[in-house]
Amino acid sequence: MHYIGNIAAFIAVAVHAVKLAQFASIFHWILIAVMAWMVFAGFVMRFTKVSPQVKRVLRRFHAKWYMFVIVLVLVIIAHVASLPSFPYTLG
């Protein structure tokens, strides 16, 4: 279920990014790249027969608390940075 949820989340983020690309900042694209890395690394670690050394390196940049913090901070920064260009009133 974890892997299906990750794919679904990434697809939702990608659709959101494409539909609102005109309001995106560089932080949005960095966030998408980080999320793509997380999906890729997770699949390689789980579904391929790479060496344990490769899995160890991937795990260092995938399954750690600081990756969650990086994604969370990027989500916040990206959306705050795009507020001035957003055409609708908020609140």
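Cut-offs applied
- Residues numbered from 1 in each chain as written.
- Predicted model: local features only at pLDDT ≥ 70, side-chain atom pairs only at ≥ 80, totals over all residues.
- Heavy atoms only, no water.
- Core = buried A, V, L, I, M, F, W, Y, C linked by side-chain atoms within 4.5 Å.
- Buried < 20%, exposed > 50% of the residue type's maximum accessible area, 1.4 Å probe, protein only.
- Helix = DSSP H or I, 4+ residues; strand = E, 2+ residues; numbered from the N terminus.
- Contact = heavy atoms within 4.5 Å.
- pLDDT = per-residue confidence, 0-100.
- Axes fitted to C-alpha atoms, helices over the stretch in contact; angles between N-to-C directions.
- Parallel < 35°, antiparallel > 145°, perpendicular 65-115°, else oblique.
- Left-handed = near helix turned anticlockwise from the far one by under 90°.
- Nonpolar A, V, L, I, M, F, W, Y, C, P; charged D, E, K, R; others polar.
- Patch = residues over 30% accessible without salt bridge, like charges linked within 9 Å, V, L, I, M, F, W, Y side chains within 5 Å.
- Areas by Shrake-Rupley, 256 points an atom, 1.4 Å probe, with all protein chains shown as cover.
- Salt bridge = Lys/Arg side-chain N within 4 Å of Asp/Glu carboxyl O.
- Lys, Arg positive; Asp, Glu negative; His and termini not counted.
- Charge placed at Lys NZ, Arg CZ, Asp CG, Glu CD.
- Phe/Tyr/Trp six-rings, centres within 6.5 Å; stacked < 30°, edge-to-face > 60°.

> Before we move on, could you go through the nonpolar core and cite the residues and values that matter?
One finds Leu-31, Val-34, Met-35, Met-38, Met-67, Val-71 and Leu-74 forming the largest nonpolar core, which totals 7 residues. Breaking this core down by element, the ones donating at least two residues are helix H2 (26–47) and helix H4 (65–82). The element that contributes the greatest number of residues to this core is H2, accounting for 4 residues. With sequence-adjacent residues up to four places away left out, Leu-31 is seen in contact with Val-71, Leu-74 and Val-75.

> Account for the confidence of the model for the chain, with residues named and values stated.
Of the residues in the chain, 100% have a pLDDT of 70 or more, and the chain-wide mean is 88. The spread of mean pLDDT over the elements of the chain runs between helix H3 (residues 52–60), the lowest at 87, and H4, the highest at 92.

> Before we move on, can you summarise the packing of helix H1 (residues 2–19) against H2 with the specific residues and values?
Viewed as axis vectors pointing N to C, H1 and H2 meet at an angle of 160°, and their least axial separation amounts to 11 Å. In terms of axis orientation, H1 runs roughly antiparallel to H2. When you trace H1 past H2, the crossing you get is left-handed. Of the residues in H2, those touching H1 at Tyr-3, Asn-6, Ile-7, Phe-10, Val-13 and Ala-17 are Trp-29, Ile-32, Met-35, Ala-36, Val-39, Gly-42, Phe-43, Arg-46 and Phe-47. Among the residues forming the contact of H1 with H2, the class breakdown is 12 nonpolar, 2 polar and 1 charged.

> Report on a positive patch on the surface, specifying residues and quantitative values.
Taken together, the side chains of Arg-56, Arg-59, Arg-60 and Lys-64 present a region of like positive charge at the surface. Its place among the elements puts Arg-56 in helix H3.

> Describe the packing of aromatic side chains, naming the residues involved and giving the relevant values.
In the structure shown here, the tally under the stated rule is 4 aromatic pairs. Ring geometry for Trp-37 versus Phe-40: centroids 6.0 Å apart, planes at 45°, classification tilted. Note that Trp-37 and Phe-40 are positioned in helix H2 at a spacing of 3 residues, about one turn of the helix. Given a relative accessible area of 28%, Trp-37 falls into the partly exposed group. The exposure class assigned to Phe-40 is partly exposed, which follows from its relative accessible area of 48%.

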